[in-house]
Amino acid sequence: MAGQLDLTDELQDYVRRMSLRDDDILRDLREETAGMPMLQAMLVLPEEAQLLALLVRLTGAYRVLEVGTFTGYSSLCMARALPPGGTVVTCDISERWTAIAARYWERAGVADRIDQRLGDAAGTLDQLKSQSGADSFDLAFVDADKTNYLRYYEQCLELVRPGGLLVLDNTLFFGRVVDPNAQDPDTVAVRELNTRLRDDERVEISMLPVADGLTLVHKKPERKQR
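Residues numbered from 1 in each chain as written. Predicted model: local features only at pLDDT ≥ 70, side-chain atom pairs only at ≥ 80, totals over all residues. Heavy atoms only, no water.

With an unreviewed UniProt entry as reference, the protein chain is termed Putative O-methyltransferase (OzmF), source organism Streptomyces bingchenggensis.

Relative to the assigned elements, Ser136 resides in the loop between α6 (121-132) and β4 (137-142). Overall, Ser136 belongs to the buried group, its relative accessible area being 15%. Of the polar contacts made by the side chain of Ser136, one reaches the backbone oxygen of Gly133; its length is 2.8 Å. Not counting residues up to four positions away in its chain, the partners in contact with Ser136 are Arg63 and Leu159. (Helix = DSSP H or I, 4+ residues; strand = E, 2+ residues; numbered from the N terminus. Buried < 20%, exposed > 50% of the residue type's maximum accessible area, 1.4 Å probe, protein only. Polar contact = N/O pair within 3.5 Å; in protein donor to acceptor, adjacent residues only side chain to side chain. Contact = heavy atoms within 4.5 Å.)

Time to look at a negative patch on the surface. Taken together, the side chains of Asp120, Asp126, Asp145 and Asp186 define an acidic patch exposed on the protein surface. The topology assignment puts Asp120 in the loop between β3 (114-118) and α6. (Patch = residues over 30% accessible without salt bridge, like charges linked within 9 Å, V, L, I, M, F, W, Y side chains within 5 Å. Areas by Shrake-Rupley, 256 points an atom, 1.4 Å probe, with all protein chains shown as cover. Salt bridge = Lys/Arg side-chain N within 4 Å of Asp/Glu carboxyl O. Lys, Arg positive; Asp, Glu negative; His and termini not counted. Charge placed at Lys NZ, Arg CZ, Asp CG, Glu CD.)

Further remarks concern the sheet that holds strand β1 (residues 63-67). Pairing is mixed in the open sheet, where seven strands are placed in the order β3-β2-β1-β4-β5-β7-β6. At either margin of the open sheet sits one strand with a lone partner, and together these are β3 and β6 (203-208). Geometrically, the sheet is characterised by an average inter-axis angle of 15° between neighbouring strands, direction not taken into account. In this sheet, strand β7 (residues 214-219) lies alongside strand β5 (residues 160-169) in antiparallel orientation, the contact comprising five bridges. Across the sheet, the residue bridging to Leu168 is Thr215, located in β7. Those strands touched by helix α4 (residues 73-81) are β1, β2 (87-92), β3 and β4, and its axis lies near 175° from that of β1. Running at roughly 160° to β1, α6 makes contact with β1, β2, β3 and β4 of the sheet. (Pairing = 2+ DSSP bridges. Axes fitted to C-alpha atoms, helices over the stretch in contact; angles between N-to-C directions.)

Attention now goes to the layout of surface pockets. By volume, the second largest pocket is sized at about 480 Å³. Going through the elements one at a time, α1 (9-19) and α3 (46-59) are the ones with two or more residues in the lining of the second largest pocket. Considering each element in turn, the lining of the second largest pocket owes the most residues, five residues, to α1. Looking at the lining of the second largest pocket residue by residue, the classes come out as nine nonpolar, four polar and three charged. (1 Å grid on protein atoms, 1.4 Å probe; cavity = no way out; pocket = protein on both sides within 12 Å on 5 of 7 lines; lining within 4 Å. Points joined across faces, edges and corners; volume = space filled by probe spheres on them. Nonpolar A, V, L, I, M, F, W, Y, C, P; charged D, E, K, R; others polar.)

This paragraph deals with the packing of α3 against α4. Where α3 contacts α4, the two axes come as close as 8 Å, and the packing angle between them is 30°. With respect to each other, α3 and α4 are oriented roughly parallel. By crossing handedness, the relation of α3 to α4 is classed as right-handed. Counted together, Pro46, Ala49, Leu52, Ala53, Val56 and Arg57 of α3 and Tyr73, Ser74, Cys77, Met78, Arg80 and Ala81 of α4 form the full contact between these two elements. Residue composition of the contact of α3 with α4, by class: nine nonpolar, one polar and two charged. (Parallel < 35°, antiparallel > 145°, perpendicular 65-115°, else oblique. Left-handed = near helix turned anticlockwise from the far one by under 90°.)

With that settled, the discussion passes to the packing of aromatic side chains. This model, assessed by the stated rule, comprises two aromatic pairs. In this arrangement the basic side chain of Arg63 is found over the ring face of Phe137, its NZ or CZ atom lying 4.2 Å from the centre. (Phe/Tyr/Trp six-rings, centres within 6.5 Å; stacked < 30°, edge-to-face > 60°. Lys NZ or Arg CZ within 6 Å of the ring centre and 35° of its normal.)

Glancing now at the nonpolar core. A general trend in soluble globular proteins is that nonpolar side chains are found buried together. Among the nonpolar cores identified, the biggest contains 34 residues, and Val56, Val64, Tyr73, Leu76, Met78 and Leu139 are the most heavily contacted of them. Every element with two or more residues in this core is listed here: α2 (24-34), α3, α4, α5 (95-108), β4 and β5. By residue number, the principal contributor to this core is α4, which donates six residues. Here Met78 is in contact with Leu52, Val56, Val64, Glu66, Val88, Leu139 and Phe141, once residues within four sequence places are set aside. Counting residues in each nonpolar core, the second largest holds 25 residues, with Ala140, Tyr152, Val160 and Leu197 among its members. (Core = buried A, V, L, I, M, F, W, Y, C linked by side-chain atoms within 4.5 Å.)

Our focus in this paragraph is the pattern of salt bridges. Tallying each qualifying case throughout the model produces 17 salt bridges. Among the salt bridges present, the one from Asp138 reaches Arg161, with a minimum N-O distance of 2.8 Å. Residue Asp138 is located in strand β4, and its partner Arg161 is located in strand β5; the two are separated by 23 residues in the primary sequence. Here Asp138 falls in the buried class, since its relative accessible area comes to 14%. Judged by its relative accessible area of 25%, Arg161 is partly exposed.

Structure, rendered in structure tokens:
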């Protein structure tokens, strides 16, 4: 049985050359974000964002929820994949980073598909439940502060419809999840999330060793009474 490949820089370059559908807007956004070295690690990898766009198309998602906008790379990619009239609702607390995002959404012609919500994400998710009700989104992508991941997961699970999809980023967290000496709040929170996902009978999951760890969560459809 073949094992998991070690992804060398050479293989990473090959993957991108063989599969990445890139353009000037996406490259410019990556380069501008890379100019902020302390924050570059927060940007999703281009192949991960392309996967998110593919998942939006495959699921036929019309309403997408994103927790953690940053400079808008993933929301841009998902917005491009929406059907006519579709919307990405994206949440963040930073006016500075989302201002960068807004410039690129406008440039890409998807600004009218993106509903930016500024403020505490947990509070925003509660507001969305009050405004739209439970089961009102088709897909949710969570890539925000790790200490609140469990809370975001539960809120998003309620907001996503039965049969919908959640995508959780950073579930391997730089490999720290397997380091017993890593007891910082972020790592502990990610471990707790992973355990919850493993044991949660409401969902089906697949943890992928992609980027910094990406877990796909399928909310099981409700069983019809016979």
